[in-house]
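Residue-level structure breakdown
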Amino acid sequence: KALQMSAQMKGRGEILALDIYQRRLDSLKDRAKRNDCQNIRIQRIEEDGPLPDTVTRPKDYVLVDAPCTGLGVLRRNPDSRWKTTPESVREMTAKQRSILDRFAPCLKPGGRLVYATCSILRDENEAVVESFLTDHPEYVAREARAPLSRYGLEGLAEPGSPYLRMWPHRHGTDGFFVAVMERNA
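Residues numbered from 1 in each chain as written. Predicted model: local features only at pLDDT ≥ 70, side-chain atom pairs only at ≥ 80, totals over all residues. Heavy atoms only, no water.

Time to look at the pairing of strand S2 (residues 40-44). Both strand S1 (residues 15-19) and S2 contribute to a ladder of 5 bridges, which runs parallel. Within S2, the position partnered with Ile 15 by the bridge is Ile 40. For the crossover that starts at S1, traverses helix H2 (residues 22-34) and ends in the parallel S2, the hand is right-handed. (Pairing = 2+ DSSP bridges. Helix = DSSP H or I, 4+ residues; strand = E, 2+ residues; numbered from the N terminus. Right-handed = clockwise from strand over helix to strand, strands pointing away.)

Let us now look at H2. Here H2 is 13 residues long and its end C-alpha atoms lie 18 Å apart, about the 18 Å a rise of 1.5 Å per residue gives. Within H2, the full set of buried residues consists of Leu 25, Leu 28 and Ala 32. Each buried residue of H2 lies within a common arc of 60° when the element is viewed along its axis, so the set occupies one face. What points out from H2, more than 90 degrees from its buried face, is the exposed set Arg 23, Lys 33 and Arg 34. On its buried face, H2 sits against helix H1 (2-8), S1 and S2. Where H2 terminates, the next one or two residues include Asp 36, which has phi positive at roughly 55°. (Expected span 1.5 Å × (residues − 1). Buried < 20%, exposed > 50% of the residue type's maximum accessible area, 1.4 Å probe, protein only. Arc of directions from axis to C-beta. Contact = heavy atoms within 4.5 Å.)

To continue, consider the packing of helix H5 (residues 86-103) against helix H6 (residues 126-135). Two numbers describe how H5 lies on H6: the axes approach to 10 Å, and their chain directions differ by 40°. In this view, H5 runs oblique relative to H6, as classed from their interaxial angle. Judged by the twist between their axes, the crossing of H5 over H6 is right-handed. Here H5 contributes Thr 93, Gln 96, Arg 97, Leu 100 and Asp 101 to the contact with H6, which in turn contributes Val 128, Ser 131, Phe 132 and Asp 135. Its residues assigned to classes, the contact of H5 with H6 shows 3 nonpolar, 3 polar and 3 charged. (Axes fitted to C-alpha atoms, helices over the stretch in contact; angles between N-to-C directions. Parallel < 35°, antiparallel > 145°, perpendicular 65-115°, else oblique. Left-handed = near helix turned anticlockwise from the far one by under 90°. Nonpolar A, V, L, I, M, F, W, Y, C, P; charged D, E, K, R; others polar.)

All right, on to the state of the cysteines then. Applying the stated criterion across every chain yields a total of 0 disulfides. You can see Cys 118 has no disulfide; the closest cysteine sulfur is in Cys 68, sitting 3.3 Å from it. (Disulfide = S-S within 2.5 Å.)

Before going further, it helps to spend a moment on the side chain of Asn 125. Here Asn 125 shows up in the loop between strand S4 (107-117) and H6. Under the relative-accessibility criterion, Asn 125 is labelled buried at 0%. Within the structure, the side chain of Asn 125 is placed 2.6 Å from the side chain of Thr 117, a separation counted as a polar contact. Ignoring sequence-local partners within four residues, the contact set of Asn 125 consists of Tyr 115, Thr 117, Ser 119, Ile 120, Arg 165 and Phe 177. (Polar contact = N/O pair within 3.5 Å; in protein donor to acceptor, adjacent residues only side chain to side chain.)

To continue, consider the confidence of the model for the protein. Per-residue pLDDT for the protein averages 93, and the proportion of residues at 70 or more is 100%. The secondary-structure element of the protein with the lowest mean pLDDT is helix H4 (residues 80-83), recorded at 84, while H6 shows the highest, at 98. (pLDDT = per-residue confidence, 0-100.)

Dropping the structure here:
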């Protein structure tokens, strides 16, 4: 996702890519170098530790690519079907919500917060976003079609919906979910 954003930004601006796993960051560093993506800054963070100033400094956009059950990518990872239990879904949704709560304050007023998973479960998607919006009135859902129209993809999202859902049987892709929110204050 960082490489795609870098390409769309044509090397302008700055992308701060964060993860708690160094191996993922090392892989991204190698791929960014191969693709000459010079506007990607890579930083490891602790799962529960304080966020560094480079992270908390207000941003125009924050993408939370949340860890999830992966039930949208069953055709690539069929074992997920057997590893997912009601308890693992509850644990995952608590983690997803915690990540949203942790990184949402890093957004400038007027900035966009995008929440994404590769899950098809409502519990990991709409329910997490709705819960977050209920507890954070300074954030509002925004129609997903508007940002997609920049790339001629507005037809993928339902009119008026803040959500984009990709279904394997409908779109010929893995299952994905994206929600668009904006910070008002």
